[in-house]
Each structure stands twice: as structure tokens, then as C-alpha cells.
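# Commentary on secondary and tertiary structure
Here is what each chain is made of, one letter per residue.
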Amino acid sequence: MQNPTKAVVTIDAETTEILTANKLANKLLGLRDEHEPVKLIDFIKSPEDQSSFFEADLKPNGELVLFAGRVMDVITASERVVPVSVWARGITSDSDYRYLVVMEPVERTTGILHFDHNGRIFYCDPNFVSVFGYSAIHEVVGLNITDLMPNVEFNSENHKDKCLKINTKQCVTGRTQDGFIFPLSIHIGPIFTKEKVNPDSDTYEGIVWVFSNISGLITLSPDGTIHSCNTNFSLLFFGYSQTELVGKVCLFVLKFKCISAL
């Protein structure tokens, strides 16, 4: 429990009541050694993220699985909103179900771009420019969104048939001007004008999040196969998503090298 760099708590699986917490968790959430019962979800800003604590998958071996490396906004004791990378797994207990939750503050850069139904970028802010390694806005304006995010789900020919994912968050791969590949998240939605949405508009806004200091957490099964890892880290370090790595054998020979499990 006394991890010096991460906030660690154990919570009741049914209510998310915090049962134990290390020093960093107490500092982050403003808890005292002797505190009134509090729920972890009360510190989570997004209702969607709150509900994710009640959506565990029960594996055939009886293990309760939540998520690994999911970034959430936490409201701290000083009422600041801090993005944290969250890892949560079920742990055994004689009397009840519990989760072990590990939280690590991360650095987040947010950028904005506007593009048309063909994917052509006609506006972006300085943060978006710097994330992709450009020095000026005019160098990015005119590019296609797929030049910077090759695997973003965007169908220019059938945009009127709503093939473009609107109001959804995608985890994709970004590519800088120098060709460096890195993971990012993007939310695509219609552009608001005077606090209203023009339903006939074929221009869109993308909000991009990049996390620059996410640590990697990989769990292994007894046979040495990868059980779970956080996707942003695995994309940056291995070049593969969590889905692609789970079930593969992980060997440590100077560096991690993953090969297909037999």
C-alpha cells in the first residue's frame, strides 16, 4: 500500500467506499487517517467514469476486472481538477468484494482543431500545432486530419450517412511532422455557433488530449502471458494496443519483447 509515487486505495466493490489509503492518496483526496466514510466516486468528476466502477467483468477464473490505465479527472481536496491514470482490479477478501485502485497524476495537453467533411483542417490552436511538432498554425491548416491521425475513424464520402463518429471519444495514433508515432485521444463533434449546433453543418471540431507522462503497468498471468496493461503506455512503448498484447508472452531481455504465445 505504501507506494511512494502513486495514490493507492482499496474500496468496497459495491459502494466504492474507501477502506484503506496510502499517504499519497490521503494527500490527493484530502483524507485523514481517521475519516468519515467517503466514496471514491465522489471524487471522480465525470458521471461516465463514476459508472465504470460498477461495470466489472467477471472472468471464468472468478477474477473481477475493471480497467487499466484509464485517464479520469479527479477533484482534489483543494477542489482542483487533476487528470489521473487509474488502474483497478478485484482482490480477494474473506468477507466481501473489494477493488485495489492505483491512481497516478498525469500531464495532459489539450488541443483543438476544426475540419470539414473531407477532413481538411481549416483551424487549429497553438497547442494542437505543438503536439504534432509544427512551429506555426499555417503549417497545419490545409492538411487532412488523416495526415496527422492516420487511423481516426472518418469517412469523407459518406459523412451525410453519419459514418463519421460524432460525439464519441476515440483512442488513436498521432504522427508528428518528423514521423514520430504517439497515442492520443480525440473527441469529434459538431461546431457550436452562438451556443447552438447547426444540424446542416458539415464542419466539425476535434478536441485532442495527449498524456505525456503515463507510467506503464503490466500484469502477468502465472504462465508469463500478459494479463493486462494500460493502452496509452503500450502504444507508446510497444507500438501495440492492450487488446493486441493480452495473451502474448512477455520476456525481459535488456528490454521487453513480446512474442505470440504458443
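Below you will find a few notes about this structure.

Conventions used here
- Residues numbered from 1 in each chain as written.
- Predicted model: local features only at pLDDT ≥ 70, side-chain atom pairs only at ≥ 80, totals over all residues.
- Heavy atoms only, no water.
- Helix = DSSP H or I, 4+ residues; strand = E, 2+ residues; numbered from the N terminus.
- Buried < 20%, exposed > 50% of the residue type's maximum accessible area, 1.4 Å probe, protein only.
- Contact = heavy atoms within 4.5 Å.
- Areas by Shrake-Rupley, 256 points an atom, 1.4 Å probe, with all protein chains shown as cover.
- Phe/Tyr/Trp six-rings, centres within 6.5 Å; stacked < 30°, edge-to-face > 60°.
- Pairing = 2+ DSSP bridges.
- Axes fitted to C-alpha atoms, helices over the stretch in contact; angles between N-to-C directions.
- Polar contact = N/O pair within 3.5 Å; in protein donor to acceptor, adjacent residues only side chain to side chain.
- Core = buried A, V, L, I, M, F, W, Y, C linked by side-chain atoms within 4.5 Å.

Turning next to the overall build of the protein chain. Within the protein chain, the regular secondary structure consists of six helices and 17 strands. Across the 262 residues in the protein chain, those meeting the buried criterion constitute 40%. Taking the intrachain contacts of the protein chain between residues at least 6 apart in sequence as the baseline, contacts between residues at least 24 apart amount to 39%. Looking at the protein chain as shown, the accessible area adds up to about 15,000 Å², and 51% of this sits on carbon and sulfur atoms.

Turning next to unusual backbone geometry. Positive phi, close to 65°, is recorded for threonine 16, a residue that is not glycine. Secondary-structure assignment places threonine 16 in the loop between strand S1 (7-12) and strand S2 (18-21). Positive phi is not limited to glycine here, since glutamate 79 has a value of about 65°. Residue glutamate 79 is classed as exposed on the basis of its relative accessible area, which comes to 70%.

For serine 52, the location among the structural elements is in the loop between helix H2 (47-51) and strand S3 (57-58). In this view, serine 52 contacts Leu66, Phe67, Arg70 and Met72; residues no more than four positions away in its chain are not counted.

As a further point, take the packing of aromatic side chains. Aromatic rings considered in pairs are described by the distance between their centres and by the relative angle of their planes. One pass over the full model with this rule turns up four aromatic pairs. A ring pair is formed by phenylalanine 128 and phenylalanine 132, whose centres lie 4.7 Å apart and whose planes are at 45°; its orientation type is tilted. Comparing phenylalanine 128 with phenylalanine 132, the two get one shared label, buried. Their ring planes at 10° and their centres at 6.5 Å tell us that phenylalanine 180 and phenylalanine 182 sit as a pair that is stacked. Assessed through its relative accessible area of 8%, phenylalanine 182 is described here as buried. Here the aromatic residues Phe128, Phe132, Phe180 and Phe182 are joined through ring pairs into a cluster of three or more.

Let us look at the sheet that holds strand S10 (residues 181-190). With respect to topology, five strands assemble into an open sheet ordered S8-S7-S13-S10-S9, the strand pairing being antiparallel. Every other strand in the sheet has two partners, leaving strand S8 (121-124) and strand S9 (168-175) as the edge strands with one partner each. The mean angle between the axes of side-by-side strands here comes to 30°, regardless of whether they run parallel or antiparallel. As paired elements, S10 and strand S13 (residues 203-211) share six bridges and run antiparallel to each other. Counterpart to proline 190 in the pairing with S13 is tyrosine 204.

Its location among the elements puts aspartate 202 in the loop between strand S12 (196-197) and S13. Aspartate 202 sits in the partly exposed class, given a relative accessible area of 30%. Each C-alpha atom of the pair aspartate 202 and proline 190 lies 8.0 Å from the other, and the pair is 12 residues apart in sequence. Engagement of the side chain of aspartate 202 in a polar contact is seen with the side chain of histidine 117, the distance being 3.0 Å.

Let us look at the nonpolar core. Leu29, Leu40, Phe53, Val101 and Met103 are the most contacted members of the largest nonpolar core, which has 25 residues in total. When contributions to this core are tallied by element, the ones reaching two or more residues are S1, helix H1 (23-29), strand S4 (64-75), strand S5 (81-91) and strand S6 (98-105). Ignoring anything within four residues of it in the chain, the contact list for methionine 103 reads Lys6, Ala7, Val9, Leu29, Leu40, Val84, Ser85 and Val86. Of all hydrophobic cores here, the second largest spans 22 residues; its members include Phe128, Tyr134, Ile186 and Ile188.

Here we take up the pairing of strand S15 (residues 226-229). Looking along a regular strand, one sees side chains alternate from face to face of the sheet. Relative to S15, strand S14 (residues 218-220) is paired through three bridges, and the arrangement is antiparallel. Of the residues in S15, the one forming a bridge with leucine 220 is isoleucine 226. Connecting S14 to the antiparallel partner S15 that follows it, the hairpin turn spans five residues, and glycine 224 within it adopts a positive phi of roughly 90°.

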